[in-house]
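# Close look at the chain arrangement
One-letter residues, chain by chain:
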Amino acid sequence: MRVILLGPPGSGKGTQACLIEEKFRLPRISTGDILREAVRRETPLGRRAEDMMKRGLLVSDDIVVGLVEEAVQREEHRHGYVLDGFPRTVAQAESLLRIDGRRPERVLDIQVGAEDLVDRLSRRHVCPGCRAVFGPASPPGAEEGRCAACGGALEIRADDKPEVIRERLRVFEAQTAPLREYYRSRSVYRTVPGTGRPEEVFGRIVGQLEAFLSGATEERRS
Ligand code: ADP
Ligand code: ZN
């Protein structure tokens, strides 16, 4: 099964992608994580991507499509994957078809209102070691400022500054939101309310994916 998570910055794509990976044994491909890793390691590609990421703009298609092509063609992704952060434009969606040859079976659009997004993004902390995401305070039991999963020092993402957050949301509306129509017309698009605790959102996603897997519903609803 090929699953795409569509949804604005801060909608919880990364968190849900990890949960899907675990439960459905679908390896996760996150372009944001791959790009951040390239920036951290100061690879030539990372150096090319860094400036656009800092400004909240999309990294050029030739860079991102190349990364995804390399990932999708790996043996471990032959039976499916969950894509987090790709495609982000209709052109990228077309590239994915060319790369993979098969349509994604489900595109899940995690829906969260704009004010909630700004609030979540401006308060979150991330662990660069294991990529866990936390709210404003360390979770109970964790040492202050330390990752509850691996103990790494928590950071604020470079693009989680208020002015960059606004830019990312603007870019989403302008460049990524058109994918909703694109996938709706291809009958793979489903919405998932993104409010509530991560486990609640995940419950809705499980419902959608299990319905697909059991071949049950050819619902027109989307
Ligand atoms: P978020 O969804 O919270 O904005 P991501 O981690 O998915 O965060 O992406 C962070 C940044 O990486 C984006 O703002 C963009 O600069 C770059 N990026 C990630 N995926 C893509 C993509 N598919 N196309 C272009 N740029 C991308
Ligand atoms: Zn960690």
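This text goes with the structure placed above it.
Conventions we followed
- Residues numbered from 1 in each chain as written.
- Chains lettered and ligands numbered in written order.
- Predicted model: local features only at pLDDT ≥ 70, side-chain atom pairs only at ≥ 80, totals over all residues.
- Heavy atoms only, no water.
- Core = buried A, V, L, I, M, F, W, Y, C linked by side-chain atoms within 4.5 Å.
- Buried < 20%, exposed > 50% of the residue type's maximum accessible area, 1.4 Å probe, protein only.
- Helix = DSSP H or I, 4+ residues; strand = E, 2+ residues; numbered from the N terminus.
- Contact = heavy atoms within 4.5 Å.
- Arc of directions from axis to C-beta.
- Phe/Tyr/Trp six-rings, centres within 6.5 Å; stacked < 30°, edge-to-face > 60°.
- Lys NZ or Arg CZ within 6 Å of the ring centre and 35° of its normal.

Another point: the nonpolar core. Formed by 27 residues in total, the largest nonpolar core has its most connected members in Leu35, Val59, Leu83, Phe86, Leu96, Val107 and Tyr183. Breaking this core down by element, the ones donating at least two residues are β1 (2-6), α2 (31-40), α3 (44-55), α4 (61-72), β3 (81-84), α5 (90-100) and α8 (178-184). The greatest single-element share of this core, amounting to seven residues, is contributed by α4. Apart from residues no more than four positions distant in its own chain, Val107 is found in contact with Ile4, Leu6, Tyr183, Val188, Tyr189 and Arg190.

All buried positions along α5 are accounted for by Gln92, Ala93, Ser95, Leu96, Ile99 and Asp100. All buried residues of α5 lie within an arc of 160 degrees about the axis, which places them on one face of the element. Looking at the buried side of α5, the elements it contacts are β1, α4, β3 and α8. Note on α5: the residue one or two positions beyond its end, Gly101, has a positive phi of about 85 degrees.

In the structure shown here, the tally under the stated rule is one aromatic pair. Centroid distance Tyr182 to Tyr183: 4.9 Å. Interplanar angle 85 degrees. Geometry classified as edge-to-face. Here Tyr182 matches Tyr183 in class, with each residue buried. Against the face of Tyr182 rests Arg186, its NZ or CZ located 3.7 Å from the ring centre.

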